[in-house]
Amino acid sequence: MNSGADLLILAKGCGAIKEGHFLLRSGKHSGVYVEKFYLLERPDVLSLFVESLCSKIDGTFDRVIGPSLGGMIVAYEAARQLGIPAGYAEKSDGDEMVLRRGKGLSSDERILVVDDVMTTGGSVRKTVSAIEAKGGKVAQIAVLVDRAAESPSDLNYISALRYALPAYESSNCPLCSKGLPLVKLGG
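Summarised in this report is the structure supplied together with it. Here the residue index of a chain counts from 1 through its sequence in written order. For this predicted model, a pLDDT threshold of at least 70 governs which residues receive local features, and a threshold of 80 or more governs which side-chain atom pairs are given and counted, while totals over whole chains, interfaces and linings are taken from all residues. With hydrogens and water excluded, all non-hydrogen atoms of the structure serve as input to the side-chain values.

**Some details on the packing of aromatic side chains**
The relative placement of two aromatic rings is captured by the distance of their centres and the angle of their planes. We call Phe, Tyr and Trp rings a pair once their centres come within 6.5 Å, taking the six-membered ring for Trp, and we label the pair stacked below 30 degrees between planes, edge-to-face above 60, and tilted otherwise. The tally for this structure, following the rule as stated, stands at one aromatic pair. Geometrically, the ring pair formed by Phe-22 and Tyr-33 is tilted, given 5.5 Å between the ring centres and 40° between the ring planes. Linking Phe-22 in strand E1 (residues 17–23) with Tyr-33 in strand E2 (residues 29–34), this pair joins segments that are eleven residues apart in sequence. Throughout, exposure labels follow a simple rule: accessible area from a 1.4 Å probe, protein chains only, divided by the maximum for the residue type, with under 20% read as buried, over 50% as exposed, and the rest as partly exposed. The exposure class assigned to Phe-22 is buried, which follows from its relative accessible area of 5%. Looking at Tyr-33, the relative accessible area reads 12%, which means it is buried. Note on conventions: DSSP H or I runs of at least 4 residues are helices, E runs of at least 2 residues are strands, and numbering of each starts at the N terminus.

Here's what the structure looks like:
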């Protein structure tokens, strides 16, 4: 059960795919929302998504790092399946991410960065910056669900499930034009 179609059925079955008019963390609007915590609260579902993701990665890695909060859970499960340590990027006082826990990084480590849902790539970029600030090198980036209508051109990554969904600026949102109520879910 690792095909994209199977994973989409699984995501819909556990309620992770919602339809309506949603305010995304990026500030954009969308008619579909991926409620990542519905995937993350089910170890059986998460395990299948991460298994699919791990089957697509290229090479071997010394450590998996994910951003808080959801990416931490994905990083833990990916590290468990790969048999390597996990690390976590946390928000600093500002809007940046930092690595503050664990043994630290060495410059020769191959780091796999993972995250839960990719929309704009903001969390992944901040995690990569945190790793580089500590002298680490990112070898690959992987996400559970790639929901970006247009994949961020500056990021080379793989996903367990590609589910391209349009996201609109509030000034150009067809759902706003229809008068549909805007709902904010998640963190």
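**With respect to the side chain of Asp-116**
In this fold, Asp-116 is placed in strand E6 (residues 110–118). Accessibility expressed as a relative area gives 5% for Asp-116, which makes it buried. Beyond its immediate stretch of four places on either side in the chain, Asp-116 contacts Lys-36, Leu-40, Gly-70, Gly-71, Val-74, Val-143, Leu-144 and Val-145. Any two residues having at least one pair of non-hydrogen atoms within 4.5 Å are treated as being in contact.

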